[in-house]
Amino acid sequence: MEKKKDGFPNEKAIVIPQENLLKIKENPMTRLLHPTDVGYYPHAEGHYRERAEGSPQHILIYCHEGEGWYNIGKGRCTVKKNDFFIIEAGTPHVYAASTSHPWSIYWIHFTGEQSHLFSELFNRTIYIDDSPTARFNDRIQLFNEILVNLEMGYSIENLEYITLCLWYLLGSFRYIPQFREINKPKTQDTIQKVINYMKANLDKQLTLEDMAESVNYSPTYLSTLFTQKSGMSPINYFNQLKIQKACQLLDFTDKKAKEIAFELAFSDPYYFSKVFTKYMHMSPKEYRMKKKG
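Along each chain, the written sequence defines residue order, and numbers are assigned to residues from 1. The predicted origin of the model limits local features to residues at a pLDDT of at least 70 and limits the giving and counting of side-chain atom pairs to 80 or more, whereas totals for whole chains, interfaces and linings rest on all residues. Only hydrogens and water are set aside when side-chain values are computed; all heavy atoms of the structure are taken into account.

### Quick notes on the packing of helix H5 (residues 190-199) against helix H8 (residues 234-252)
Pairs of packed helices are described in terms of their axes, by the angle between the two and the distance that separates them. Where helices are involved, their axes are fitted lines through C-alpha atoms of the stretch in contact, as for all axes, and angles between N-to-C directions lie from 0 to 180°. The secondary structure listing takes helices from DSSP runs of H or I that are at least 4 residues long and strands from runs of E that are at least 2 residues long, numbered from the N terminus. Between H5 and H8, the least distance of the axes is 10 Å, while the angle of their chain directions is 45°. By the angle between their directions, the pair H5 and H8 is classed as oblique. Of the two elements, H5 crosses H8, and the hand of that crossing is right-handed. Seen from H5, the contacting residues are Ile195, Met198 and Lys199; seen from H8, they are Pro234, Tyr237, Phe238 and Leu241. Amino acids outside the nonpolar list (Ala, Val, Leu, Ile, Met, Phe, Trp, Tyr, Cys, Pro) and the charged list (Asp, Glu, Lys, Arg) are all regarded as polar, and Gly is one of them. Its residues assigned to classes, the contact of H5 with H8 comprises six nonpolar, no polar and one charged. Should an angle fall under 35 degrees it is taken as roughly parallel, and over 145 as roughly antiparallel, whereas 65 to 115 is taken as roughly perpendicular and any remaining angle as oblique. Left-handed describes a crossing whose near helix is turned anticlockwise from the far helix by less than a right angle; the clockwise case is right-handed. We call two residues contacting when some pair of their heavy atoms lies within 4.5 Å.

Shown next, in the form of C-alpha cells:
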C-alpha cells in the first residue's frame, strides 16, 4: 500500500507565504489568477496525498515521467507520462505515485477570481499526444520560469510575472492545438498557402473562386475550412491584408490615398476610404496624421 512520504532527491517546492498572498489578492493584475504552491517531484517514490475535505485551491499535476493515480470519488484514474489533471478546489481526493514506476510530476496549486475559466479541464485526465509539434520542453520551461522567479523572492514584480506565466501555462494545457501552431510546417498548411497567395496578389481583385483554385479546393469547402481556422471568411481576411498594406503605404510613403487605392485594386478612392474606415475606425487621412510608435 502506498504511504505518504515527504522529500524526494532534487525536488523543488515553494509555498507562497500568506502575507504575500494577501497582497496578491489586492493586486488587480494578480488577484484574477495566481499560484499558491509550486513544485517538482522527480521519481517520487512513495508520494501520497489525501485530502478528505479537498484543497482550498485547484491542483494541477502534470506527469512528466512514470505513472501514478488519483481518486476523486469515482474510482482510481491511472496517470501516465504526458497526462495531466486538475482537481477542482473543494473536491475530496487522493493521489499517489505508482509503486512500480513512480511518477515525476510538476504541480501547481492555483486560485483567483477568474480561475474558474479553466473549469473544463477540472476533474478529468487529459493526455497530450507525443507529436513533432508537442512542445513538451516549452511547457516545462514555463513551470521552471515560475519556480525560478519565486526562488528569487516575492517582490511585486516577481509575483506579477509568475501570474502572467501561469496564464500562459494553463493556456498551453487548454489550447493544445494553438500552443503547437508555431511548430507546424507552414509550407504544408493549406490555409497558409491561401494566405501567401493573397499576399502575393494584393494588387488584384481576387474572388473566392480564385483563392480556392490556388489550392485545388472547392470554394464552399475552402470558405468553411478557412473560417473555422481564422475566424473570418477568406474575402474578409483578404480585405484586412489590403488594409494592412494600405497602412504601411500611408506610413512609409508619400503616396496619396487615391494612388494607394488603385495600387491595391480598389474600384475607386471612395470605396477604398469606406473599407479603410470600416476596419481602422478612421479615414486614411486621419490615419496618416495619427502619431504612432
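Additional details are given in the paragraphs that follow.
### With respect to helix H2 (residues 136-151)
What a helix is expected to span follows from its residue count: subtract one and scale by 1.5 Å. Under the 1.5 Å per step criterion, the end-to-end length of H2 is 23 Å for 16 residues, consistent within 8% with the ideal 22 Å. Under the scheme applied here, a residue whose accessible area is under 20% of the maximum for its type counts as buried, over 50% as exposed, and between as partly exposed, the area being computed with a 1.4 Å probe on protein chains only. Looking only at H2, the buried set comprises Phe136, Arg139, Ile140, Leu142, Phe143, Ile146, Leu147, Asn149 and Leu150. Each element contacted by the buried residues of H2 is listed here: strand E1 (12-15), strand E2 (34-41), strand E4 (58-65), strand E9 (104-111), helix H3 (156-174) and helix H4 (176-180).

### Some points on the packing of aromatic side chains
Between the rings of Phe, Tyr and Trp (Trp by its six-membered ring), a pair exists once the centres lie within 6.5 Å; its type follows the angle of the planes, with under 30 degrees stacked, over 60 edge-to-face, and the other angles tilted. Per the stated rule, a full pass over the model turns up 17 aromatic pairs. Centre to centre, the rings of Phe84 and Phe173 are 4.4 Å apart; their planes meet at 45°, and the pair counts as tilted. In this pair, Phe84 sits in strand E7 (residues 83-87) while Phe173 sits in helix H3, placing the two residues 89 residues apart along the sequence. Like Phe84, the residue Phe173 is buried in the burial classification. A ring pair is formed by Tyr168 and Phe179, whose centres lie 6.0 Å apart and whose planes are at 70°; its orientation type is edge-to-face. With Tyr168 in helix H3 and Phe179 in helix H4, this residue pair connects regions lying 11 residues apart in the sequence.

### Looking at the nonpolar core
Remark: nonpolar core denotes a set of buried residues (Ala, Val, Leu, Ile, Met, Phe, Trp, Tyr, Cys) joined through side-chain atoms within 4.5 Å. Ranked by size, the top nonpolar core spans 35 residues in total, and within it Leu60, Tyr62, Phe110, Ile146, Leu169 and Phe173 carry the most contacts. Of all the secondary structure elements, the ones that give two or more residues to this core are helix H1 (18-26), E2, E4, E7, E9, H2 and H3. Beyond its immediate chain neighbours, meaning those up to four positions away, Phe110 contacts Leu33, His34, Pro35, Thr36, Gln57, His58, Leu60, Ile86, Ser115, Phe122, Leu166 and Leu170. With 27 residues, the next largest nonpolar core counts Ile191, Leu206, Ala212 and Leu250 among its residues.

### Examining the confidence of the model for the chain
Scored from 0 to 100, pLDDT reflects the predictor's confidence in each residue. Per-residue confidence for the chain gives a mean pLDDT of 93; residues scoring 70 or more make up 95%. Long-range and interchain partners of residues 1-5, a stretch whose pLDDT sits below 50, account for 15 contacts in this model, where long-range means more than four residues apart.

### A closer look at the packing of H5 against helix H7 (residues 219-230)
It is the contact of H5 with H7, at a shortest axis distance of 10 Å, that shows an interaxial angle of 95°. Judged on the interaxial angle alone, H7 and H5 are roughly perpendicular. In this structure, H5 uses Ile191, Val194, Ile195 and Met198 to contact H7, whose residues at the interface are Leu222, Leu225, Phe226 and Lys229.

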